[in-house]
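Examining the three-dimensional arrangement
What follows is the residue order along each chain.
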Amino acid sequence: MKADIERKVKQTIEKYKLLSKKDKVLVACSGGKDSTTVLFLLNKFGYDVEALFIDLFIGKYSEKNKEDVERFCSELGVKLHEVSVKDVVGYSVCYLKSVLKSKGCNLKSCAICGAVKRHILNRYAKRLKKTKLVTGHNLDDEAQSFVMNLLKDRMDLSLRLGPKTGVVEEKGFVPRVKPLYFCAEKDVEEFSRLMKFPVVYDSCPCSVDAFRRDVGRFLDKLERDAPGIKLRIVDYFLERMPRSKKRLGKLGYCENCGEPCSGKVCNVCGMVGLLGGKKRKVYK
Ligand SMILES: [Zn+2]
């Protein structure tokens, strides 16, 4: 079981050329089972890894995550960087969500949190001169996201999917890679429990994305009835991704923070702008 996950992660890294030993790798560590597992394995395989924890200020949940990540990194001897969402965007995710809602912009916490985290990860990876960013996305996350984008008719968002992000060659983006891409969530959880990692297994108290939950349950049911369906979904996506990538227009750069984006300002500066706030350029 333990060996299965290790073999799968090694194969994924090799097949998709996700990482080389020359890479300076930054692992986005949330304190959950997936990012903890991926940090452990990359460190074990001898990659040059450091970790980044983003404090989202979600009460006790974030406090426990932070403690766990600090403890785990110190046990592994991996350098940990910590950054607060408030320092970068000026607000906590919950505050952003409630104010945006009051202005008629009804984004889900997970959408806001995802945009803010991607933004911070990219900026911080550049600041630390990293050549690769690693996230703990697993097979279930990817299959769910693909089906959700399909059902919402937002296939443009699927360019973020895949073992390597779809816009890796774009200047200003540190390539994001997902070594757990072909690992089922239940297998990662089993590995993490076997290894007795200090991890919070509860889902985030802010994650009230009912649609993702429903799609997840639906796929779990299909997987029970027809084992291998999640893998077939991502395989289908991977076969078609190169064509979709070609259709992606050139990206520009945010007028405010300079991050790559498709509009005049990036999603995060757009959200903060709606609040009438001025985004802090702490990394410039
Ligand atoms: Zn921006």
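Residues numbered from 1 in each chain as written. Predicted model: local features only at pLDDT ≥ 70, side-chain atom pairs only at ≥ 80, totals over all residues. Heavy atoms only, no water.

**Thoughts on the sheet that holds strand β3 (residues 80-84)**
Heads up, the condition is: Any two strands with at least two DSSP bridges between them are considered paired. Secondary structure is summarised from DSSP: a helix means a run of H or I of at least four residues, a strand means a run of E of at least two, and numbering begins at the N terminus for each. Contact definition: two residues touch when any of their heavy atoms are within 4.5 Å. Working convention: axes come from line fits to C-alpha atoms, limited for helices to the stretch in contact. Angles between N-to-C directions cover 0 to 180 degrees.
Strand order in the open sheet formed by 5 strands is β3-β2-β1-β4-β5, with parallel pairing between adjacent strands. Two strands bound the open sheet, and with one partner strand each, they are β3 and β5 (176-177). Note that strand β1 (residues 24-28) and strand β2 (residues 48-55) share 5 bridges and pair parallel. Each bridged residue has a counterpart across the sheet, and for L26 the counterpart in β2 is E50. In this fold helix α2 (residues 33-44) packs onto β1, β2 and β4 (132-134), with an angle of close to 155° to the strand it touches most, β1.

**Focus on the coordination of the zinc ion**
Operational definition: Metal-coordinating donors are taken as N, O and S atoms lying within 2.8 Å of the metal, or within 3.2 Å when the metal is Na, K or Ca; because water is left out, some sites can appear incomplete. Labels for metal geometry use angle windows, namely 85 to 135 degrees for all angles of a four-donor tetrahedral site, and for square planar (four donors) or octahedral (six donors) sites opposite donors over 155 degrees apart plus all others within 65 to 115; sites meeting none of these are irregular. Buried residues are those whose accessible area, probed at 1.4 Å on protein chains only, stays under 20% of the maximum for their type, while exposed residues exceed 50% and partly exposed ones sit between those limits.
Distances from the zinc ion to its protein donors, C254 (SG), C257 (SG), C266 (SG) and C269 (SG), fall within 2.3 Å. Geometry at the zinc ion is tetrahedral, judged from its 4 donor atoms and the angles of 104 to 117° they form at the metal. Mapping the donors of the zinc ion onto the primary sequence gives the spacing C-x2-C-x8-C-x2-C. Remark: C269 occurs in helix α11 (residues 267-274) and C254 occurs in the loop between β6 (252-253) and β7 (260-261); sequence separation between them is 15 residues. C269 shares its class with C254; the two are buried.

**Points about the packing of α2 against helix α8 (residues 185-194)**
Note the cut-off: Reported orientations rely on four angle classes, namely roughly parallel under 35 degrees, roughly antiparallel over 145, roughly perpendicular from 65 to 115, and oblique for the rest. The sense of a crossing depends on the near helix, which, turned anticlockwise from the far helix by less than a right angle, makes the crossing left-handed and, turned clockwise, makes it right-handed. Ten residue types, Ala, Val, Leu, Ile, Met, Phe, Trp, Tyr, Cys and Pro, are classed as nonpolar, four, Asp, Glu, Lys and Arg, as charged, and the remainder, Gly among them, as polar.
It is at 9 Å that the axes of α2 and α8 come closest, and there the two elements cross at 65°. Between α2 and α8, the angle is such that the two are roughly perpendicular. α8 is crossed by α2, and the crossing has left-handed handedness. Seen from α2, the contacting residues are K33, D34, T37, F40 and L41; seen from α8, they are E185, V188, E189, F191 and S192. Considered class by class, the residues forming the contact of α2 with α8 number 4 nonpolar, 2 polar and 4 charged.

**Some words on the pattern of salt bridges**
Worth spelling out the cut-off: The rule for a salt bridge is simple: a side-chain nitrogen of Lys or Arg has to be within 4 Å of a carboxyl oxygen of Asp or Glu.
On inspection of all chains with the given rule, the structure shows 17 salt bridges. Residue K24 is joined to D48 by a salt bridge in which the shortest nitrogen-to-oxygen separation is 3.1 Å. With K24 in strand β1 and D48 in strand β2, the pair connects residues that are 24 residues apart, well separated along the chain. Here K24 falls in the partly exposed class, since its relative accessible area comes to 38%. Judged by its relative accessible area of 32%, D48 is partly exposed. In this structure, K178 and E142 form a salt bridge, with 3.0 Å as the shortest nitrogen-oxygen distance. Taken together, the positions of K178 in the loop between β5 and α8 and E142 in helix α7 (residues 139-151) put the pair 36 residues apart, joining distant regions of the chain.

**A closer look at the environment of K126**
The test is simple: Definition of a polar contact: a pair of N or O atoms within 3.5 Å, with one able to donate and the other able to accept a hydrogen when the atoms are protein atoms, and with sequence-neighbouring residues admitted only if both atoms are side-chain atoms.
On the secondary structure map, K126 appears in helix α6 (residues 109-127). Assessed through its relative accessible area of 32%, K126 is described here as partly exposed. Dropping the residues within four chain positions of it, K126 is found in contact with G172, V174, E259 and P260. At a separation of 2.9 Å, a polar atom in the side chain of K126 contacts the side chain of E259.

**Considerations on the pairing of β2**
This is how the line gets drawn: For a crossover, the right-handed case is the one in which the path from the first strand over the helix to the second runs clockwise, viewed with the strands pointing away from the viewer.
Most of β2 sits out of view: 7 of its 8 residues are buried. A crossover links β1 with its parallel partner β2, the connecting element being α2, and its sense is right-handed. Here β2 pairs with β3 via 5 bridges, running parallel. Residue pairing in the sheet places F53 in a bridge with E82 of β3. Since β2 and β3 lie parallel, the crossover through helix α3 (residues 59-76) that links them has a hand, and here it is right-handed.

**As for the environment of D4**
With respect to the element layout, D4 can be found in helix α1 (residues 2-15). D4 sits in the partly exposed class, given a relative accessible area of 38%. Along the primary structure D4 and R224 are separated by 220 residues, whereas in three dimensions their C-alpha atoms are 20 Å apart.

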